[in-house]
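Residue-level listing of the chains:
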Amino acid sequence: LNLLENDDISTEGQIKLLKLVNDISSIEATLQSNHTLKNVYVDRITPSVLELGEIGTHIFLAIMINEGHVSDQEAAGREKCIQTQLNSETKAQLCRLQGVDHSVFSDIDPLHLPEVLSLIGERHDCEELYLALKASIMTLFSTMNREKCIQQERDYHAAKAAEHTAKVEELDKELATIKEAAAAAAAAVRN
């Protein structure tokens, strides 16, 4: 993307460019960001806003991930998620720049949280893992409790079903006894 001779690119324009290459609003949005853009040329950027360097750095990092995964856009998307969505400091910076306000863990199915936490532990430092655990601990507990609740409810209904099956068998025996007695009585009357 050649933006040379565009001396008046605004902060808003830079943020839109950042969002193009790494939309932080959700994991799905990050995965659907542009993963093919590998070069951006800008002649001059108005130096009046202090955040311009920060925006440019994030654009550069996203483009570097694209360059590192030239033949696999899906891998570029996954890497952007790992580097930005699963890194609390980077995520906070990008959310502030792009005007997004929510937790990454709200986008993740609670049953996948253990895998995500493992990935954070492998790819980031212990502080990141601690922050991720702290942010997701209640979801993890609710998942474990939910599983136990469902298991208990299932066991309850299975026991009720067994109880009903036993009752049906008991009633079937009683009906058979009544039919046998009626048949015996009818035979006795005929004789």
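The text that follows walks through the structure, step by step, so that each part is easy to find.

## Remarks on the overall build of the protein
Each helix and strand in the protein was counted, giving seven helices and two strands. For the protein, the sequential pattern of α-helices and β-strands runs β-α-α-β-α-α-α-α-α. Within the protein, the proportion of its 191 residues that are buried is 29%. A fraction of 70% describes how many contacts in the protein between residues 6 or more apart in sequence connect residues 24 or more apart. Looking at the protein as shown, the accessible area adds up to about 12600 Å², and 57% of this sits on carbon and sulfur atoms.

## With respect to the nonpolar core
With 14 residues, the main nonpolar core has L18, V21, I24, I55 and I59 as its most contacted residues. For this core, the secondary structure elements donating two or more residues are α1 (11-21), α3 (52-68) and α5 (88-98). Core analysis: the second largest hydrophobic core is formed by eight residues, I82, L86, L117 and I120 among them.

## Overview of helix α6 (residues 113-123)
Taken as a whole, α6 has its buried residues at L113, V116, L117 and I120. Axial view of α6: buried residues confined to an arc of 100°, hence all on one face. In α6, those exposed residues whose orientation departs by more than 90 degrees from the buried face are E115 and E122.

Rules of the game
- Residues numbered from 1 in each chain as written.
- Predicted model: local features only at pLDDT ≥ 70, side-chain atom pairs only at ≥ 80, totals over all residues.
- Heavy atoms only, no water.
- Helix = DSSP H or I, 4+ residues; strand = E, 2+ residues; numbered from the N terminus.
- Buried < 20%, exposed > 50% of the residue type's maximum accessible area, 1.4 Å probe, protein only.
- Contact = heavy atoms within 4.5 Å.
- Areas by Shrake-Rupley, 256 points an atom, 1.4 Å probe, with all protein chains shown as cover.
- Core = buried A, V, L, I, M, F, W, Y, C linked by side-chain atoms within 4.5 Å.
- Arc of directions from axis to C-beta.

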